[in-house]
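As a plain string of letters, each chain reads:
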Amino acid sequence: MSGALLRRGARVGVLATGFAVRPDALDAGVAWLSRRGLVPVLGQHLRAIDGYLAGDDAARAGDLDAAIADPDLAA
């Protein structure tokens, strides 16, 4: 394979579809994407917590549906 799969400036969705995300891990991941020239787009409920999950089922599913439907997201 040749070339990058994602180009600088590509918008990348960041979602939590399962477990709640540790804030420090999330911040590190977003910074990593940014350092590589990508534009992280955070899900609306990314930092939500419902027990050990990242928000309730409807919130997590809604974030995933929104990301899939967004034609401007490259990944």
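Everything numeric here is computed off the predicted structure, so don't read it as measured data.

Trainee: Looking at this model, I keep getting lost on the overall build of the chain. Mind explaining?
Mentor: When helices and strands are tallied, the chain shows two helices and two strands. Counted from the first residue to the last, the chain has its helices and strands arranged as β-α-β-α. Projected onto the principal axes, the alpha-carbon positions of the chain cover approximately 40 × 30 × 20 Å. Per-residue burial for the chain yields a buried fraction of 25% across its 75 residues. Here the chain has roughly 5,200 Å² of accessible surface; of this, 58% comes from carbon and sulfur atoms.

Trainee: Would you explain the packing of aromatic side chains in this entry?
Mentor: Centre distance and the angle of the planes are the two values used to describe a pair of aromatic rings. As enumerated under the stated definition, the model contains one aromatic pair in all. Centre to centre, the rings of Phe19 and Tyr52 are 5.7 Å apart; their planes meet at 40°, and the pair counts as tilted. Here Phe19 is found in the loop between β1 (11-14) and α1 (23-35), whereas its partner Tyr52 is found in the loop between β2 (39-42) and α2 (57-69), with 33 residues between them in sequence.

Trainee: Where do I start with the pairing of β2 in this structure?
Mentor: A regular strand carries its side chains on alternate faces of the sheet. Where β1 lies against β2, four bridges are found, and the strand directions are parallel. Looking at the pairing, Arg11 lines up with Val39 of β2. Since β1 and β2 lie parallel, the crossover through α1 that links them has a hand, and here it is right-handed.

Trainee: Help me understand α2 in this model?
Mentor: For an α-helix, the turn length of 3.6 residues means that residues three or four places apart are oriented alike. For α2, spanning 13 residues, the distance from its first C-alpha to its last is 18 Å, which sits close to the expected 18 Å at 1.5 Å a residue. Residues of α2 that are buried: Ala59, Arg60, Asp63 and Ala67. All buried residues of α2 fall inside an arc of 100° around its axis, so they share one side. Counted as exposed and oriented over 90 degrees from the buried face of α2: Asp57, Ala58, Asp65, Ile68 and Ala69.

Trainee: How should the environment of Ile68 be read in this particular structure?
Mentor: Looking at where Ile68 falls in the secondary structure, it is placed in helix α2. The exposure class of Ile68 is exposed, given its relative accessible area of 64%. Considered as a pair, Ile68 and Gly13 are 55 residues apart in the sequence and their alpha carbons are 9.1 Å apart.

Trainee: Teacher, can you tell me more about the nonpolar core here?
Mentor: Here is a general trend for soluble globular proteins: nonpolar side chains tend to be buried in one another's company. Ranked by size, the top nonpolar core spans ten residues in total: Ala10, Val12, Val14, Ala16, Leu26, Val30, Leu33, Leu38, Leu46 and Ala54. Only β1 and α1 provide two or more residues apiece to this core. With three residues, α1 is the largest single contributor of residues to this core. Apart from residues no more than four positions distant in its own chain, Ala10 is found in contact with Gly37, Leu38, Val39 and Ala74.

Each value, and the rule that gives it
Residue positions are given per chain, counting from 1 as you read along its sequence in written order. With the structure being a predicted model, the display of local features is reserved for residues of pLDDT at least 70 and the display and counting of side-chain atom pairs for 80 or more, all residues being used for whole-chain, interface and lining totals. No hydrogens and no water enter the side-chain calculation; it runs on all heavy atoms of the structure. Secondary structure follows DSSP: runs of H or I at least 4 residues long count as helices, runs of E at least 2 residues long count as strands, and numbering of each begins at the N terminus. Burial classes follow relative accessibility: with a 1.4 Å probe on protein chains only, a residue under 20% of its type's maximum area counts as buried, one over 50% as exposed, and anything between as partly exposed. Accessibility throughout is a Shrake-Rupley quantity obtained with a 1.4 Å probe, and a residue counts as covered only by protein chains that appear here. Aromatic pairing here means that ring centres of Phe, Tyr or Trp (its six-membered ring) are within 6.5 Å. Orientation follows from the plane angle: under 30 degrees is stacked, over 60 is edge-to-face, and everything else is tilted. Two strands qualify as a pair provided that DSSP identifies no fewer than 2 bridges between them. When the strands point away from the viewer and the path from the first strand over the helix to the second turns clockwise, the crossover is right-handed. A helix is expected to reach a length of 1.5 Å times the quantity of its residues less one. An arc is given here, and it is the one of the directions from the helix axis to the C-beta atoms. For our purposes a nonpolar core is just a set of buried Ala, Val, Leu, Ile, Met, Phe, Trp, Tyr and Cys residues, chained together by side-chain atoms within 4.5 Å. Here, two residues are considered to be in contact whenever any of their heavy atoms come within 4.5 Å of each other.

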